[in-house]
Amino acid sequence: MKILALGAHPDDIEIFMFGTMAAYAAQGAELTFAIATDGARGGKSDPTVLARVRREEATAAAALLGAAPRFLDFHDGGLVADAALIGALKTLIGEIGPDLVITHAPNDYHADHRALSDAVRIAASFAVPVLHADTMGGTGFSPTHYVEISAQAEIKAKAIRLHQSQDPEHFVDIARTQNFFRAGQCNGAPGSQAEAFRFEPMFPFADIRDLLPPAPPIRPVMVSTKRID
């Protein structure tokens, strides 16, 4: 199976979907990471230096799963779903031939995320199904699918921490809190983690569950067994 993960910035794949990518890697899937912008505005350093450093960080994180990222190098903070971006995405999808594309939700917090989401939907057309990752903090997001990532939580945190230019502990905490909550929505065991996604069926893609790693296991809902006399 071929999976294309598309993030707007160099650390987005790690924050929003790296656990699922690690689960795919464990299944033997062929992973491609693609990053739409150069990340040059993700801090107060010289933009040229920051873009270079963030490229190196993204490369190191992807290497944890044996992947080599593709960099589209659009301007950070100025991404729009125009002909240039859509064309670049169509070319990328045509070259890779993925079975599934995973990218940002169309209502995520950052304008670059929203622009990329719109452009991916147009570029994918009816060639490949598109799955949307959870939003930052889960705000305004209603999942349709969950992926169990308890076994992948450690490598996800490690990948986020490789982005030292971005004060990564903040994002490690955000991701962990969100992944605990998403597992809890599935009545997951204490300490389990899950990533959440949303799929909007579009002909000819009506159901993509078989394209995903396993969901959290279903556990019975427990009621109290304590007797009160």
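As a reminder, the structure under discussion sits directly above these lines.
This one's a predicted model, so the numbers in the text were calculated from it and none came from an experiment.

A. Representation of helix H6 (residues 168-185) in the model. For H6, which comprises 18 residues, the first-to-last C-alpha distance of 26 Å matches the rise-based estimate of 26 Å (1.5 Å per residue) to within 8%. When H6 is considered as a whole, its buried residues turn out to be Pro168, Phe171, Val172, Ala175, Gln178, Asn179, Arg182 and Ala183. Angular distribution of buried residues about the axis of H6 spans 145°; they occupy a single face of the element. The inward-facing, buried residues of H6 abut helix H1 (12-26), strand S6 (145-148), helix H5 (153-161) and strand S7 (194-198).

B. Main features of the packing of aromatic side chains. Within the structure shown, the criterion is met by one aromatic pair. Its guanidinium or amino end placed over the ring of Phe71, Arg55 lies 4.2 Å from that ring's centre, counting from NZ or CZ.

C. Seen up close, the nonpolar core. Counting residues in hydrophobic clusters, the biggest one holds 35 residues, and the most contacted among them are Met17, Met21, Tyr24, Leu31, Phe33 and Ile102. Contributing elements (two or more residues each) for this core: strand S1 (2-7), H1, strand S2 (30-37), helix H2 (47-63), strand S4 (100-103), strand S5 (130-133), H5 and H6. The greatest single-element share of this core, amounting to eight residues, is contributed by H1. Residue contacts for Phe33: discarding those within four places in its chain leaves Ala5, Ile13, Phe18, Met21, Ala62, Leu65, Ala68, Pro69 and Arg70. In terms of nonpolar packing, the next biggest core, distinct from the first, is built from 21 residues, Leu79, Leu85, Ile96 and Val120 among them.

D. Spatial organisation of the pattern of salt bridges. In the structure shown here, the tally under the stated rule is nine salt bridges. Here Asp11 makes a salt bridge to Arg54, at a shortest N to O gap of 3.1 Å. One end of the pair, Asp11, is in the loop between S1 and H1; the other, Arg54, is in helix H2, and 43 residues separate them in sequence. Given the relative accessible area of 2%, Arg54 is considered buried. Here Glu56 and Arg52 are joined by a salt bridge, their closest N and O atoms 3.4 Å apart. Here Glu56 pairs with Arg52, and both are found in helix H2, just four residues apart, close to one helical turn.

What counts and how
- Residues numbered from 1 in each chain as written.
- Predicted model: local features only at pLDDT ≥ 70, side-chain atom pairs only at ≥ 80, totals over all residues.
- Heavy atoms only, no water.
- Helix = DSSP H or I, 4+ residues; strand = E, 2+ residues; numbered from the N terminus.
- Expected span 1.5 Å × (residues − 1).
- Buried < 20%, exposed > 50% of the residue type's maximum accessible area, 1.4 Å probe, protein only.
- Arc of directions from axis to C-beta.
- Contact = heavy atoms within 4.5 Å.
- Phe/Tyr/Trp six-rings, centres within 6.5 Å; stacked < 30°, edge-to-face > 60°.
- Lys NZ or Arg CZ within 6 Å of the ring centre and 35° of its normal.
- Core = buried A, V, L, I, M, F, W, Y, C linked by side-chain atoms within 4.5 Å.
- Salt bridge = Lys/Arg side-chain N within 4 Å of Asp/Glu carboxyl O.

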